[in-house]
Amino acid sequence: MESLATFILTKYNYWAVIILLVIGLYAMIAKKNLVKKIIGMNIFQTAIILFYVSIGTKRGATLPIIEHAYGDSAHAVHAADYINPLPHVLMLTAIVVSVATLGVALALAMKIHAQYGTLEEDEIQEKIMESEPGSTSTSG
Amino acid sequence: MRLLGFITVVLLGGLLFHLSLDFPDLGDASSPAATHVSPYYIEHTMEDTSVPNIVTAVLADYRGYDTLFETAVIFSAGLACFFLMRISERTAPKARFYRHLPTGLTLRIEKGGKIPEDTREFERIDSVWVPYDVIITMTCRLVVPFIQLFALYVIAHGHHSPGGGFQGGVIFGAAIILYAISNNLRRTLRRMSERMSALFGSVGVIIYGGTGMLCLLLGAGFLDYRGMASLLGVDPVSARSYSILIVETGVGLAVTAVMVWIYYNLSSAGKQDEGL
């Protein structure tokens, strides 16, 4: 029982990430509405961000800002006392970029809605087929 | 399709779950992610750059290339939204709505009708009726300056506390978007025009890239801030610290402008006339 609890406590972050990742991927594959697909993409991105941030933790370490005071220039800094800053840096930029790409994705969705009057993928495909009667494509 | 997707996703989840058993434990200080390059950053940031916040130092100094191009990506996202959505306003809308402020009456003016000139008495409102809510407007008007001040603090104090260009820029952009939501788009555009947001976005990227080029001209490598020492008149370690602030300011400008620009284009479907 003791070992099971330890096992869960040392791995549960990956499971949370996997659940979020799978939800996002399912929404991207199975949902027909384009906005739902975009939301799925965002959940997927959140899973990746959570994964990176969770692997940056160290047991018993504090946040990656070195303790300092005025005039206190050179004291020894031990890597074990501070959590890993690298995943935080990578995710910091990734979060802002994900917001920007979300904006582009929504702009594309709005353009599609203006063109076809719907955001459902199968209806859009039907309208594309209607507008090109000569082409007998097998897709859709 | 739905069943196929479900099976794929469950298989992937099971595979990842199986693999997660081999992953390093949560909080393991000897995990691969925490052993190779990150101890160097933690132990040498203070003597290399004199910046206590390691995240800021790594972001703007050690990994400056990455951040430069992330900023460029954000700016291109703003440009992409602009090119996708923006419609230049050649055709006037069918009907405009004005509110007569002293009486609270709403006027509907058809196309070609005489548009009231006196803006002190008439205020243009959106055709989708927007409630005249004093509480929301006034609360946001009071809160917005403090949010903006906090954003500037986050950018300027990024060396010593959690913060930096990206976070501060997003907070500043959020303050402007809050103003646009609580009032209306036209009033926000009078404060920060589209031209200004496009200009700030490009100026932010130019500040970042220009700092890198300046280092190159002063005899150091691209984005090697030690070259700025002679220009700033300080020792190379302080030069890195100051250059990080310059670069973060550029990032903050670009992020603010692009967030606002994307909001302008998305909320009004590119017309920038009526919107949230």
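These numbers were taken from a predicted model, which means no experiment stands behind them. (Residues numbered from 1 in each chain as written. Chains lettered and ligands numbered in written order. Predicted model: local features only at pLDDT ≥ 70, side-chain atom pairs only at ≥ 80, totals over all residues. Heavy atoms only, no water.)

Draft legend 1. Broad picture of the overall build of chain B. The number of helices and strands found in chain B is 10 helices and 3 strands. Secondary structure elements of chain B, listed N to C terminal, follow the sequence α-α-α-α-β-β-β-α-α-α-α-α-α. Whereas a compact globule of 276 residues would reach a radius of gyration of roughly 19 Å, chain B reaches 25 Å, over 25% beyond that. Burial analysis of chain B (276 residues in total) assigns 46% to the buried set. When the accessible surface of chain B is totalled, it reaches about 14300 Å², and 68% of it is carbon and sulfur. The distance from the centre of the 21 positive side-chain charges to the centre of the 23 negative ones in chain B is 17 Å. (Helix = DSSP H or I, 4+ residues; strand = E, 2+ residues; numbered from the N terminus. Rg over C-alpha atoms; globule rule 2.2 N^0.38 Å. Buried < 20%, exposed > 50% of the residue type's maximum accessible area, 1.4 Å probe, protein only. Areas by Shrake-Rupley, 256 points an atom, 1.4 Å probe, with all protein chains shown as cover. Lys, Arg positive; Asp, Glu negative; His and termini not counted. Charge placed at Lys NZ, Arg CZ, Asp CG, Glu CD.)

Draft legend 2. View of the pattern of salt bridges. Applying the stated rule across the entire model yields 5 salt bridges over all chains. One salt bridge in this structure joins K37(A) and E121(A), with 3.9 Å as the shortest N-O distance. You can see K37(A) sitting in helix 2 (residues 34-55) and its partner E121(A) sitting in helix 4 (residues 121-131), a full 84 residues away along the chain. For E121(A), a relative accessible area of 34% corresponds to the partly exposed category. In this structure, R226(B) engages D224(B) in a salt bridge whose closest nitrogen and oxygen atoms are separated by 3.1 Å. Judged by its relative accessible area of 45%, R226(B) falls in the partly exposed class. (Salt bridge = Lys/Arg side-chain N within 4 Å of Asp/Glu carboxyl O.)

Draft legend 3. Broad picture of the nonpolar core. The biggest cluster of nonpolar side chains holds 47 residues, and the ones touching the most others in it are I74(B), F166(B), Y208(B), Y225(B) and V255(B). For this core, the elements supplying multiple residues, two or more each, are helix 3 (85-116) of chain A together with helix 2 (38-49), helix 3 (54-62), helix 4 (64-85), helix 8 (194-217) and helix 10 (236-267) of chain B. For this core, the leading source of residues is helix 10 of chain B, giving 11 residues. Setting aside residues up to four positions removed in sequence, Y208(B) forms contacts with L59(B), A60(B), G64(B), T67(B), L68(B), T71(B), L223(B), Y225(B), V247(B) and V251(B). (Core = buried A, V, L, I, M, F, W, Y, C linked by side-chain atoms within 4.5 Å. Contact = heavy atoms within 4.5 Å.)

Draft legend 4. Geometry of unusual backbone geometry. Residue and element names in this part refer to chain B. A positive phi angle is found at S50, which is not glycine, with a value near 55°. Following the sequence through the fold, S50 ends up in the loop between helix 2 and helix 3. A positive phi is found at L223, a non-glycine position, where the angle reads about 65°. If you trace the backbone, L223 turns up in the loop between helix 8 and helix 9 (229-232). By relative accessible area, L223 is classed as buried at 5%.

Draft legend 5. Structural view of the confidence of the model for chain B. With 96% of its residues at a pLDDT of 70 or more, chain B has an overall mean of 86. Within chain B, the element-level pLDDT minimum falls on strand 3 (residues 122-125) of chain B, averaging 75, and the maximum on helix 8 of chain B, averaging 93. (pLDDT = per-residue confidence, 0-100.)

Draft legend 6. Region of interest: the sheet that holds strand 3 of chain B. Residue and element names in this part refer to chain B. What the 3 strands build is an open sheet, ordered 2-1-3; its pairing is antiparallel. The sheet is open, and its two borders are formed by strand 2 (105-110) and strand 3, each paired with just one other strand. Sheet twist, expressed as the mean angle between neighbouring strand axes with direction ignored, is 35°. Of the strand pairs in this sheet, strand 1 (residues 95-100) and strand 3 are connected by 4 bridges, and their pairing is antiparallel. Bridged to Y98 within strand 3 is R124. (Pairing = 2+ DSSP bridges. Axes fitted to C-alpha atoms, helices over the stretch in contact; angles between N-to-C directions.)

Draft legend 7. View of the packing of helix 2 of chain B against helix 3 of chain B. Residue and element names in this part refer to chain B. The N-to-C vectors of helix 2 and helix 3 enclose an angle of 75°; their axes lie 10 Å apart at closest approach. Taken together, the axes of helix 2 and helix 3 lie roughly perpendicular to each other. Contacts between helix 2 and helix 3 involve Y40, Y41, I42, H44, T45, D48 and T49 from the former and I54, A57, V58, D61 and Y62 from the latter. Looking at the contact of helix 2 with helix 3 residue by residue, the class counts come to 7 nonpolar, 3 polar and 2 charged. (Parallel < 35°, antiparallel > 145°, perpendicular 65-115°, else oblique. Nonpolar A, V, L, I, M, F, W, Y, C, P; charged D, E, K, R; others polar.)

Draft legend 8. Inspection of helix 8 of chain B at higher detail. All names here are of chain B. Compared with the 34 Å implied by 1.5 Å per residue over 24 residues, the 33 Å span of helix 8 between its first and last C-alpha is a close match. In this fold, the buried residues of helix 8 make contact with helix 3, helix 4, helix 7 (185-191) and helix 10. Note on helix 8: the residue one or two positions beyond its end, G219, has a positive phi of about 100°. (Expected span 1.5 Å × (residues − 1).)

Draft legend 9. Quick peek at the interface of chain A and chain B. Taken residue by residue, the interface counts 51 residues in chain A and 56 residues in chain B. Put simply, chain A and chain B have 1 salt bridge between them. A salt bridge links D25(B) to K11(A); the nearest nitrogen and oxygen atoms lie 3.1 Å apart. Counting only elements with at least two residues in the side of chain A that touches chain B, the list comes to helix 1 (2-30), helix 2 and helix 3 of chain A. Tallying contributions element by element places helix 3 of chain A first for the side of chain A that touches chain B, with 18 residues. Here the residues of the side of chain A that touches chain B sort into 36 nonpolar, 11 polar and 4 charged.

Draft legend 10. Region of the structure containing the packing of helix 3 of chain A against helix 6 (residues 165-182) of chain B. The contact between helix 3 of chain A and helix 6 of chain B brings their axes to 10 Å, and the two run at 30°. Between helix 3 of chain A and helix 6 of chain B, the angle is such that the two are roughly parallel. For the pair helix 3 of chain A and helix 6 of chain B, the sense of crossing is left-handed. Residues L92(A), T93(A) and V96(A) of helix 3 of chain A pack against F166(B), Q167(B) and V170(B) of helix 6 of chain B. Looking at side-chain class alone, the contact of helix 3 of chain A with helix 6 of chain B contains 4 nonpolar, 2 polar and no charged residues. (Left-handed = near helix turned anticlockwise from the far one by under 90°.)

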